[in-house]
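# Commentary on secondary and tertiary structure
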Amino acid sequence: MVNVNMDRLTGAALLGGVRQRAWSLLITAAFLVLGAAGAAGPFFAEASDNAAFQVGRDAVSSTARQTDAAVVRLSAPVGRASADHQQVLDDLRRIPHLTPPDLTGGSIGAELIAPTFWGSTASFGGVSERGRLFAVSSPAAELDGTAHGQGGLWIPQPMASSLGVKPGETITVKVTVGTAGRSRSATARVDGVYAVDAGGRLPAGPSWPLRQGDTPPDTEYETLPSYLLIGDVPTIEKLAREVDDEIFWAAEAALTPGVTLAEAQRTANEVEWLRRGYASGLEFGQDSPRSMRFASGISQLVTDARATSGAVEQRTRPVEWSAIAVGLASVLAVALLSARRRDREIRHAVAVGIAPARVGGLWLLEHLLPAALGVALGWLAAWQLVARLGPPGALAESYGPAATSSATAVLVGVVAVAGVGAASASRRVRPAPPVAVRRKLPWTTMLVLVALTAAGGLAGASDAAGGVDLLVPLLVLVAIGGIAGWLPGLLAGRSHLSTSPADGASRRSTPVAGAGPAVRPASRPGRAGVPVSPAGPADTPLSAAGRPVSSGRGRNGPVRGLPSSPGRGVLWLARRRLGEAGAERRLAVLVMTAGLGMLLFALAAVDSTQVAADDRVAVAAGAEAVATLEGSWEIDPTATPVPAEDPTKPPPEGPVPGVHSPVLPPGSAVVWRTDVETPVDSTQKDLLIVDPARFRDVALWGSGPDLAAARKALAVLEAAPADEIGHPRAIAVGDPATDQIDSVRINIGYAVGDLTIAARVPAFPGMEGRPMYVVAHDPILGSLGIDDPRLKPRNRQANVLFPQAYLYATGAPGIQAVIAPVQVQPARIDGAAKLRQDAAYVASSRARGYQLAVAGYLALLAVLTLCIYAQRTATLRRPADLMLARVGLGAARVRRARALEFVLLTAVALAAAVAGVAALARLGPRLLDDQPGLLPRFAFQIPASALLITASAAVVASILAIWVSSARSPHTEEDAYRDD
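Fair warning: this is a prediction, and the values are worked out from it, not measured in the lab. (Residues numbered from 1 in each chain as written. Predicted model: local features only at pLDDT ≥ 70, side-chain atom pairs only at ≥ 80, totals over all residues. Heavy atoms only, no water.)

Looking now at the overall build of the chain. Across its full length, the chain holds 30 helices and 22 strands. Relative to its 980 residues, the chain shows a buried fraction of 47%. The contacts of the chain with a sequence gap of at least 6 include a subset with a gap of at least 24, amounting to 80%. When the accessible surface of the chain is summed, it comes to about 46200 Å², and 58% of that surface belongs to carbon and sulfur atoms. (Helix = DSSP H or I, 4+ residues; strand = E, 2+ residues; numbered from the N terminus. Buried < 20%, exposed > 50% of the residue type's maximum accessible area, 1.4 Å probe, protein only. Contact = heavy atoms within 4.5 Å. Areas by Shrake-Rupley, 256 points an atom, 1.4 Å probe, with all protein chains shown as cover.)

All right, on to the pairing of strand β21 (residues 805–809) then. The buried fraction of β21 amounts to 5 of the 5 residues, a majority that puts the element mostly inside the structure. Covered by surrounding structure in β21 are Ala-805, Leu-807 and Ala-809 together with Tyr-806 and Tyr-808, the residues of both alternating faces. In this sheet, β21 lies alongside strand β14 (residues 625–629) in antiparallel orientation, the contact comprising 5 bridges. Directly across from Thr-628, in β21, lies its bridge partner Tyr-806. (Pairing = 2+ DSSP bridges.)

Turning our eyes to something else, we now look at the nonpolar core. If you look at the biggest cluster of nonpolar residues, it comprises 97 residues, and the most contacted ones within it are Phe-31, Tyr-857 and Phe-940. Dropping the residues within four chain positions of it, Tyr-857 is found in contact with Val-33, Ala-36, Ala-37, Ala-40, Ala-323 and Val-326. (Core = buried A, V, L, I, M, F, W, Y, C linked by side-chain atoms within 4.5 Å.)

Quick look at the packing of helix α19 (residues 583–621) against helix α25 (residues 839–876) now. Between α19 and α25, the shortest axis-to-axis distance is 9 Å and the interhelical angle comes to 165°. For the element pair α19 / α25, the angle class is roughly antiparallel. In this structure, the crossing between α19 and α25 has a hand that is left-handed. Looking at the contact of α19 with α25 residue by residue, the classes come out as 20 nonpolar, 6 polar and 5 charged. (Axes fitted to C-alpha atoms, helices over the stretch in contact; angles between N-to-C directions. Parallel < 35°, antiparallel > 145°, perpendicular 65-115°, else oblique. Left-handed = near helix turned anticlockwise from the far one by under 90°. Nonpolar A, V, L, I, M, F, W, Y, C, P; charged D, E, K, R; others polar.)

For the rest of this paragraph, the subject is the sheet that holds strand β16 (residues 685–690). What the 9 strands build is an open sheet, ordered β18-β19-β17-β20-β16-β15-β21-β14-β22; its pairing is mixed. Each edge of the open sheet is held by one strand with a lone partner, namely β18 (743–748) and β22 (828–831). Taking the axes of each pair of neighbouring strands and ignoring which way they run, one obtains an average angle of 35° across the sheet. Bridge analysis of strand β15 (residues 668–676) against β21 gives 5 bridges, and the strand direction is antiparallel. The residue of β21 that forms the bridge with Ser-668 is Ala-809. Here helix α21 (residues 705–719) sits on the sheet and contacts β16, β17 (729–733), β19 (751–761) and β20 (772–776); the angle it forms with β17, its principal contact strand, is near 165°. Of the strands in this sheet, β14, β15, β21 and β22 are in contact with helix α23 (residues 812–822), which crosses β21 at around 125°.

Mapped onto the elements, Phe-117 comes out in the loop between α4 (109–112) and β3 (118–124). C-alpha of Phe-117 to C-alpha of Thr-179: the two residues are 62 residues apart in sequence and 6.5 Å apart in space. Setting aside anything within four residues of it in sequence, one finds Phe-117 in contact with Thr-176, Val-177 and Gly-178.

Our next topic: the environment of Ala-820. Inspection of the secondary structure puts Ala-820 in helix α23. Separated by 185 residues in the primary sequence, Ala-820 and Ile-635 place their C-alpha atoms 9.4 Å from one another.

This part takes up the side chain of Arg-342. By the secondary structure assignment, Arg-342 is in the loop between α9 (298–341) and α10 (343–351). Residue Arg-342 is classed as buried on the basis of its relative accessible area of 9%.

Before going further, it helps to examine the pairing of strand β5 (residues 132–135). Of the two faces of β5, the one carrying Arg-132 and Phe-134 and the one carrying Leu-133 and Ala-135 are both buried. Note: β5 against strand β9 (residues 228–231), 4 bridges, orientation parallel. The residue bridging Phe-134 from the neighbouring strand is Ile-230, located in β9.

Here we come to the pattern of salt bridges. Overall, the coordinates contain 34 salt bridges when judged by the stated rule. Across the pair Arg-93 and Asp-90 runs a salt bridge, and its minimum N-O distance is 2.8 Å. With a gap of 3 residues between them, Arg-93 and Asp-90 both fall in helix α3 (residues 86–93), about one helical turn apart. With relative accessibility at 45%, the residue Arg-93 sits in the partly exposed group. The exposure class assigned to Asp-90 is partly exposed, which follows from its relative accessible area of 25%. The partner of Glu-718 in a salt bridge is Arg-696, and the shortest N-O contact between them spans 2.5 Å. (Salt bridge = Lys/Arg side-chain N within 4 Å of Asp/Glu carboxyl O.)

Close contact between α9 and α25 brings their axes to 8 Å; oriented N to C, the two are set at 5°. By the angle between their directions, the pair α9 and α25 is classed as roughly parallel. Here the contact of α9 with α25 is built from residues that sort into 18 nonpolar, 6 polar and 6 charged.

Turning our eyes to something else, we now look at a nonpolar patch on the surface. Residues Leu-14, Leu-15, Leu-368 and Leu-369 make up a contiguous nonpolar surface patch of roughly 300 Å² in combined accessible area. Of all the elements in the fold, those that place two or more residues in the nonpolar patch are α1 (2–16) and α12 (368–389). Here Leu-14 shows up in helix α1. The exposure class of Leu-14 is partly exposed, given its relative accessible area of 38%. (Patch = residues over 30% accessible without salt bridge, like charges linked within 9 Å, V, L, I, M, F, W, Y side chains within 5 Å.)

Its 44 residues give α9 an end-to-end C-alpha distance of 60 Å, which sits within 8% of 64 Å, the value for a rise of 1.5 Å per residue. Where α9 bends most, at Thr-316, the angle is about 40°, and the proline Pro-318 comes one to four residues later. (Expected span 1.5 Å × (residues − 1). Bend = angle between axes of the 7 residues up to and from the residue.)

Close inspection of predicted coordinates is inappropriate for parts of the model with low pLDDT. Scored by pLDDT, the chain has a mean of 82; 84% of the residues are at 70 or more. Within the chain, helix α17 (residues 504–509) has the poorest average pLDDT of any element, 36, and β20 the best, 96. Contacts of residues 494–560 to residues separated by more than four positions or lying in other chains number 85 contacts, the stretch itself having pLDDT below 50. (pLDDT = per-residue confidence, 0-100.)

Here the focus is α25. Given 3.6 residues per turn, any residue in an α-helix points the same way as the ones three and four places further on. Over its 38 residues, α25 extends 55 Å from the first C-alpha to the last, a length consistent with the 56 Å expected when each residue adds 1.5 Å. At Arg-848, α25 shows its maximal kink, close to 30°. Across the 38 residues that make up α25, a large majority, 29, are buried.

For the bond running from Ala-114 to Pro-115, omega is 10°, close enough to zero to count as cis. Relative to the helices and strands, Pro-115 is located in the loop between α4 and β3. Looking along the chain, the bond that leaves Leu-935 and enters Pro-936 is cis, with omega of -5°. One non-glycine residue, His-97, adopts positive backbone phi at about 65°. The residue His-97 is located in the loop between α3 and β2 (102–107) in this model. The exposure class assigned to His-97 is partly exposed, which follows from its relative accessible area of 25%.

Looking at where Val-386 falls in the secondary structure, it is placed in helix α12. Val-386 sits 339 residues away from Ala-47 along the chain, and the two C-alpha atoms are 7.6 Å apart. Beyond its immediate stretch of four places on either side in the chain, Val-386 contacts Ala-40, Phe-43, Phe-44, Ala-47, Pro-391 and Leu-395.

Here you go:
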């Protein structure tokens, strides 16, 4: 019989977790949070890896060499004929994620017989031009020109113009060897004329910059690439035999678009094994023109992406574990409250002889279905969150690991629930007799002391914050939540509920609704069959509706604290229940404070980190695009030249006649920079010379307060570039030496000048990590005389004081709009885009999505906590609520009192959360700043949007709590009285 009952219990337990209506929903939601936290890690890791790889691949310049691009070029010494290299092509075809390989080849006749003279020319009509043979699979597809046939040669536009040849005509290709002029020649038809690149030698097109260094050099000017006579493989191989040239073949392939980092890693490994295989069978020495050549940037791209994703993983791993901890905390909270809710059931189970282990097993079975549903929904939620809000990387291989991680986390949660059930049953098997009176531990005081100690230790630490340090905000918020848990009782005013000694009997017999003993309904009828008022004797005056008139008197006199009328009963009941609730209320406020506080802290951290990253990129880059020039005269066709020096006269002083700044299109500005020294200290500083009006529109200004102050200072400088006596005014940037002075003397080379301090700011766009002065260009450049960097130097000799000038623009098109008309090639083009690819900034950006997801988990935990508290208190108070509704307060007022109670609890938790996060503001830089040495300094701020989102979460929690507590019970009113 016992076994049959046990089997029935097992069967009932399997479906018990989904038959509890609202409670089943809460259980499933808790497991959903845990499942999503477990699944998000693998999803996020793969998306971050693939995003980092794709960003690195997209950042490869169009002029990059093959060693930097996602391509493979292999020249293996397997034979001199093109057919001998079919095996190499087949080997590349077997490597996954590579495009179909192409066979190319270039002339190496000159290199084979060096230093003997060797020349290759193309001639037409008695005119010759140097050119060398080069083979590709499809000339028409790779060259910029119009095909006029097949089986012939394509020649460059400069050669065609020099020879006067047109497509369809025949040229003569001749190879001359030795000083005696031994030569061999062959004829070939011109199939097309192709355009050349900016250098004027190589073909224009996306694939040809990658071949720089792999095309044959000019036979006379060996530092320049040769003009190429390009044809398909059979044509070039036939011509090479006829003119006694030799072609060195190479197989080329590229990484297919859209591959993931894991796939690229496998491809790089296969390519490396292939390279080692051919390198071990070399037939020629390394100096031979026929020796193996290999070039590929796939491995380097993978390595760079791994470094970036490693920084991202280091940044997000504490957040990932925090998310799982939040999920486990929500599951344990549901389990502990479930143990309180099912206390009578556990006592009955123990009484009939069910072992604690059996109780734990039944709880495990009961939570299997909600856990399975939580795994599925959590996996789906994590997938969609990462796909829509996470890093912009593809998801391909993380579905299985994410499901495994989610199931593992939920399984731990189910085992923890079973442990809670078994522990709850074991406590009731044979309770130990009390030996001494147990004293309550001052948990709140202990939490406050621990939080203060942890926060003080973190604030005084000198090293970088670690993973454990990230628990300090949670610990502080828990301590503040512990304090806030006592506030509702204090706000309710316990003295308002006290009675005089004369009222003791009255209060013991008066039915009041609270968290105390059950209310006993009066059974004897009053006059005219109307129930007797619970606040007085049978002759208490009643209204027509049978409700007590506001007499405010008890049986033995006035009862203080009772409402004078039913209309005031809502506030009275809400205050009474807030004052009488005990540990459960304090626990609910604690968890809600921690949840809402961590939500607010996470949102503020995301915003502050974003602002700091944007500001630091703005400070380091200066503008979205920055081109480095030899001088501003390069982009100024009308620049005034430097006056000729007269040894018999001193150099002229003052502005050189005709000197001017370059005229530039909108969205660009010239900036000059030089080193200066001051007698105030021995530190070398930067002098940044700008056009304030143009610089304001071109520079990056971020969104933080430091750069906002810098922008205001620039407006001050624009309004008055010089003071009353003509001294240039300057913005002192990050220079504490000038904090107490109004002017400073600087040495620019051999010149000396005075600057009047117009404003002081901590950071400025274009700052390079040391103190800097920013001045307007007109007052200071004109005073430099012949050293004015706007002057065009004679013989292109660089300016001694300003060896470089910088062109700032709002983007790469702005740079091209300036340099293209004057055909200038900058030394380099940098800017904000390159800085944003730094691993630290990428990690910070990638972690934001994860932090927001964890913030959502924490908000859900706060909502779950209040809903569980509301559901439990509604169950315990149902008999009292029914009685109060019957004796005159009314069901609507009871519901309003309940809603007011939850709103007040939420308001207390929200206020405590905001206060706690505000108290953590000073610890924000220690916790969140990975690069404390950079400018501007990290500033932890609480934006209005974060407050609004947190308040919205609190409102949602209140609404759901009211809804959960207002759900009608399926039992009758008599059952409610009996069960209680």
